[in-house]
Amino acid sequence: MRKTVIILAVISIFVFISNCVESTDKAEVDAKIKEVASYLDKPGGPGSDGKIMFTLLLEAILQVAPETGFPPEFIENIEKAKDVSDSTSLFYPDGVVYLNKAYRLVNSGNDFQMPSSISEIQDAVNYVKMELATARKNLKVGKTDSCVKGLLEIALMIVIPIHQ
């Protein structure tokens, strides 16, 4: 009987610890998403902090992506895009190509299209703020696919207008 109680206690501790680790990961990702949003509230936009904001966005995607049902190529493309961004510029064409490939993998092969409601910079900022809030909500309720897709769309919104 005593062995059974000890075994149950050990199992309970492992379950508790694994739940804490998962919560910490979600809390860490949530904090990154909040930080990305904070850069949008700066007077004049993110400015020189744009690269930091973009890096945080890609890091959040990479942290949550393993919990999605997305193919391994998705993560590979995001990692390559992050490597390109880290070593050159977030607007470097190769990085944009990898983000587009990742997007097509999880959107039935379709290319990203800028939402039709966006006609000026402030529209984009407002849209991104709403999408970041939605991504945080999706993360909290375990809708990781939707969270990651939303964050990827934001990343594309940041880099695509420069190339079109």
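Scope of this entry: the structure provided in the associated data block. (Residues numbered from 1 in each chain as written. Predicted model: local features only at pLDDT ≥ 70, side-chain atom pairs only at ≥ 80, totals over all residues. Heavy atoms only, no water.)

Digging into the overall build of the protein
The number of helices and strands found in the protein is 6 helices and 0 strands. Put simply, the protein runs from its N terminus to its C terminus through helices and strands in the order α-α-α-α-α-α. If you take every contact in the protein between residues at least 6 apart in sequence, the share linking residues at least 24 apart comes to 67%. Total accessible area on the protein stands at roughly 9,400 Å², and carbon and sulfur atoms take up 58% of it. (Helix = DSSP H or I, 4+ residues; strand = E, 2+ residues; numbered from the N terminus. Contact = heavy atoms within 4.5 Å. Areas by Shrake-Rupley, 256 points an atom, 1.4 Å probe, with all protein chains shown as cover.)

Describing the packing of helix α3 (residues 72-87) against helix α4 (residues 93-106)
The geometry of α3 relative to α4 is characterised by a closest axis approach of 8 Å and an angle of 160 degrees between their N-to-C directions. As far as their axial angle goes, α4 and α3 are roughly antiparallel. Judged by the twist between their axes, the crossing of α3 over α4 is left-handed. For the pair α3 and α4, contact is made by Glu-73, Phe-74, Asn-77, Ile-78, Lys-80, Ala-81 and Val-84 and by Asp-94, Gly-95, Tyr-98, Leu-99, Lys-101, Ala-102, Leu-105 and Val-106, respectively. When grouped by side-chain class, the residues that make up the contact of α3 with α4 number 9 nonpolar, 2 polar and 4 charged. (Axes fitted to C-alpha atoms, helices over the stretch in contact; angles between N-to-C directions. Parallel < 35°, antiparallel > 145°, perpendicular 65-115°, else oblique. Left-handed = near helix turned anticlockwise from the far one by under 90°. Nonpolar A, V, L, I, M, F, W, Y, C, P; charged D, E, K, R; others polar.)

Overview of the environment of Lys-26
Topologically, Lys-26 is positioned in helix α1 (residues 2-40). Under the relative-accessibility criterion, Lys-26 is labelled partly exposed at 22%. On a C-alpha basis, the gap between Lys-26 and Gln-63 in space is 8.8 Å, while along the polypeptide they are 37 residues apart. (Buried < 20%, exposed > 50% of the residue type's maximum accessible area, 1.4 Å probe, protein only.)

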